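# A closer look at the structure
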Amino acid sequence: MTQAYDPGNIFAKILRGEIPSHRVYEDDAVVAFMDVMPQGIGHTLVVPKAPSRNILDADPATFGPLFAVVQKVAVAVKKAFNADGVTLLQFNEPASGQTVYHLHVHVVPRFEGVPLKPHSGQMEKPEVLAENAGKIRAALGS
Ligand code: 5GP
């Protein structure tokens, strides 16, 4: 059985501003910030503000605003890093590989011949995340 949403999860803390993140986008319904263990340069997480564990318990009204931002961020990261493509990843419950239980979509720029790094692998340096966030913000703004 699916567990209840836990408001103590790490993304809920980021949304409430209790722990820092490298934000690239925010509107009334959605926030986007850098993944601290990126699977590739520019790996961004797009997170609805509405609480749900994942796609299985989310209000369907969440998906329109969420995927509008996923598209904006996908276009921006492709431009910011001159990528060849963009991979979206989205996990639901532990068996799927989900590790943080607040709905989110991974947006990862891709380059011909370059494999994804492991999921939840190595921590990136804050200064690198800050620099990459700046590039994405610039691409979103233009
Ligand atoms: P999931 O496995 O739930 O789909 O993905 C969770 C993602 O959150 C992983 O890619 C992981 O690297 C990332 N992550 C885990 N803790 C933090 C954190 O404290 N801050 C940020 N920005 N990302 C995190």
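This text gives an overview of the structure that appears in the document. Remember, predicted model here, so these are calculated numbers, not experimental data. (Residues numbered from 1 in each chain as written. Predicted model: local features only at pLDDT ≥ 70, side-chain atom pairs only at ≥ 80, totals over all residues. Heavy atoms only, no water.)

### Remarks on the side chain of S52
- In this structure, S52 sits in the loop between β3 (44-48) and α2 (63-80).
- For S52, a relative accessible area of 2% corresponds to the buried category.
- Not counting chain neighbours up to four residues away, the residues in contact with S52 comprise Y5, D57, A58, Y101, H102 and L103. (Helix = DSSP H or I, 4+ residues; strand = E, 2+ residues; numbered from the N terminus. Buried < 20%, exposed > 50% of the residue type's maximum accessible area, 1.4 Å probe, protein only. Contact = heavy atoms within 4.5 Å.)

### Regarding the site of the ligand
- Not every one of the 18 residues close to the ligand is listed here, only the nearest: D35, T99, H104, H106 and H119.
- Separating an oxygen atom of the ligand from a backbone N or O atom of V100 is a distance of 2.8 Å.
- At 2.8 Å, a side-chain N or O of H104 approaches an oxygen atom of the ligand.
- Relative to its unbound accessible area of 520 Å², the ligand is 91% covered by the protein chains.
- Elements with a minimum of two residues in the shell around the ligand: α1 (10-15) and β2 (30-34). (Near = heavy atom within 4 Å. Polar contact = N/O pair within 3.5 Å; in protein donor to acceptor, adjacent residues only side chain to side chain. Areas by Shrake-Rupley, 256 points an atom, 1.4 Å probe, with all protein chains shown as cover.)

### Quick word on the nonpolar core
- Formed by 22 residues in total, the largest nonpolar core has its most connected members in V24, V46, L66, V73, V107 and I136.
- Secondary-structure elements contributing two or more residues to this core are β1 (23-26), β2, α2, β5 (105-110) and α3 (126-141).
- The element that contributes the greatest number of residues to this core is α2, accounting for 7 residues.
- Ignoring sequence-local partners within four residues, the contact set of V73 consists of A32, T44, V46, V107 and L140. (Core = buried A, V, L, I, M, F, W, Y, C linked by side-chain atoms within 4.5 Å.)

### Some thoughts on the environment of V77
- Within the secondary structure layout, V77 lies in helix α2.
- For the pair formed by V77 and P126, sequence separation is 49 residues and the distance between their alpha carbons is 18 Å.
- If we ignore the near neighbours within four places in the chain, the residues touching V77 are G42, T44, N82, V86, V107, P109 and I136.

### Considering α2
- The terminal C-alpha atoms of α2, which comprises 18 residues, lie 25 Å apart, in line with the 26 Å expected from a rise of 1.5 Å per residue.
- Buried residues along α2 sit against β1, β2, β3, β4 (85-89), β5 and α3.
- Looking one or two places after α2, you find N82, whose phi comes out positive at around 50°. (Expected span 1.5 Å × (residues − 1).)

### Concerning a nonpolar patch on the surface
- Residues F67, V86 and L88 make up a contiguous nonpolar surface patch of roughly 230 Å² in combined accessible area.
- Along the chain, V86 falls in strand β4.
- Its relative accessible area of 30% is what places V86 among the partly exposed residues. (Patch = residues over 30% accessible without salt bridge, like charges linked within 9 Å, V, L, I, M, F, W, Y side chains within 5 Å. Salt bridge = Lys/Arg side-chain N within 4 Å of Asp/Glu carboxyl O.)

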